[in-house]
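The lines below spell out each chain.
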Amino acid sequence: MSISLKRAGAIFVKDYKEFSRNYGLSISLMFPLILALLFRSAGPSLNGAFAFSLVLNPSFVILTCLVQACLIAEEKERNTLRSLMLTPATSMDVLIGKSCLVFVMPAAALAAATYLIGYEPASIWAFVAAIIFSIILYIAAGTICGLFSKTLLDASLSILPVAFVFTMAPWGAFLVDDYPILNVLDYAPSSQLVHLLGIPHIGFTAGDLLEPLLIILAWTVVLTMVSVVLYQRRLKDE
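Keep in mind it's a predicted model, so treat the numbers as computed, not measured.

Analysis parameters
Residues numbered from 1 in each chain as written. Predicted model: local features only at pLDDT ≥ 70, side-chain atom pairs only at ≥ 80, totals over all residues. Heavy atoms only, no water. Phe/Tyr/Trp six-rings, centres within 6.5 Å; stacked < 30°, edge-to-face > 60°. Buried < 20%, exposed > 50% of the residue type's maximum accessible area, 1.4 Å probe, protein only. Helix = DSSP H or I, 4+ residues; strand = E, 2+ residues; numbered from the N terminus. pLDDT = per-residue confidence, 0-100. Core = buried A, V, L, I, M, F, W, Y, C linked by side-chain atoms within 4.5 Å. Contact = heavy atoms within 4.5 Å. Arc of directions from axis to C-beta. Axes fitted to C-alpha atoms, helices over the stretch in contact; angles between N-to-C directions. Parallel < 35°, antiparallel > 145°, perpendicular 65-115°, else oblique. Left-handed = near helix turned anticlockwise from the far one by under 90°.

Colleague: What exactly am I supposed to notice about the packing of aromatic side chains here?
Modeller: Two aromatic rings, taken as a pair, are described by how far apart their centres are and by the angle between their planes. On inspection of all chains with the given rule, the structure shows 4 aromatic pairs. Ring plane angle 50 degrees and centroid distance 5.7 Å describe the contact between Tyr-119 and Phe-127, whose orientation is recorded as tilted. On the basis of relative accessible area, Tyr-119 is assigned to the buried category, the value being 14%. Accessibility expressed as a relative area gives 9% for Phe-127, which makes it buried. The interplanar angle of 85 degrees and the centroid separation of 5.7 Å between the aromatic rings of Tyr-138 and Phe-166 together place this pair among those described as edge-to-face. With a gap of 28 residues between them, Tyr-138 in helix α7 (residues 124–147) and Phe-166 in helix α9 (residues 160–168) connect regions that are remote in the sequence. In this pair, the class of Tyr-138 matches that of Phe-166, namely buried. Grouping aromatic residues by their ring pairs yields a cluster made of Phe-60, Tyr-138, Phe-166 and Trp-219.

Colleague: What am I meant to see in helix α10 (residues 189–197) here?
Modeller: Working note: α-helix, 3.6 residues per turn, so residues spaced by three or four point in the same direction. With 8 of 9 residues buried, α10 is to be regarded as a mostly interior element. Listed in full, the buried residues belonging to α10 are Pro-189, Ser-190, Ser-191, Gln-192, Leu-193, Val-194, Leu-196 and Leu-197.

Colleague: What is the right way to read the confidence of the model for the chain from this model?
Modeller: Do not read the predicted coordinates in detail wherever pLDDT is low. When pLDDT is averaged across the chain, the result is 82; 88% of the residues are at 70 or more. Within the chain, helix α5 (residues 81–85) has the poorest average pLDDT of any element, 65, and α7 the best, 92.

Colleague: Would you take a moment to explain the nonpolar core for this structure?
Modeller: Counting 59 residues, the largest nonpolar core has Phe-52, Leu-56, Phe-60, Tyr-138 and Leu-197 as its most contacted members. Elements with a minimum of two residues in this core: α1 (5–21), α3 (31–42), α4 (48–77), α6 (91–117), α7, α9, α10 and α11 (206–237). Once residues lying within four places of it in the same chain are set aside, the contact partners of Leu-56 are Leu-110, Phe-127, Ile-131, Leu-193 and Leu-197.

Colleague: Even after reading the chapter, I still don't get α9, so can you show me in this structure?
Modeller: Within the sequence span of α9, burial applies to Val-162, Ala-163, Phe-166 and Thr-167. Taken end-on, α9 shows its buried residues confined to a sector of 95 degrees, consistent with a single buried face.

Colleague: Just checking my understanding: could you explain the packing of α6 against α7 for this structure?
Modeller: Two measures define how a pair of helices packs: the angle their axes make with one another and the distance between the axes. It is at 10 Å that the axes of α6 and α7 come closest, and there the two elements cross at 135 degrees. Between α6 and α7, the angle falls in the class oblique. Between α6 and α7 lies a crossing whose hand is right-handed. Between α6 and α7, the contacting residues are Leu-95, Ser-99, Val-102, Phe-103, Pro-106, Ala-107 and Thr-114 on the first element and Phe-127, Ile-132, Ile-135, Ile-136, Ile-139 and Thr-143 on the second.

What follows is the structure, encoded as structure tokens:
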């Protein structure tokens, strides 16, 4: 399937204008910065890696999944999503165009949050790759939620399962001794991100970095494929 960067760029500009007029979504950019300042003020009393994961995982849900779901739902609410498909733009043009804004926003906000909280990863390249994979993953999850929403309110509610499962998964590690079945939560992308953040600066191996990265990548590929298939099917149903 061909991809036109010009058409995707036009959709990006359109979404940017709509996003800048929506103050409720625009203010979400402050969320990771506020969390970073709060955990930074807590000082060394909190584990650095786990505290930083408490900034990253909720921020992915709010900045990426929620915003993407709302942008998709807003198009459906205005009956403009199907109109986009009547233009020469392909499905990939639309999805890439609508995802670019949601990719750039959390990338910039989380870079600032990383600086504020003072986190230093064991491997900067593994850290950057994990952030990129996670952003794409949550964009795909937000697309899926938005496709099953008819209004902005529906979109806000539809992300609750994603927020609950992915944000709370790392906490399952504290209950594994009492409930062994919760070991399955260790394979959630948010839990793997915590493992990656907690790798010490000295004595780690390539395998320590690759295992969480590959699991996050697998989630990203699967959810992205599901979002593309559902997008094409929902358009045919409407």
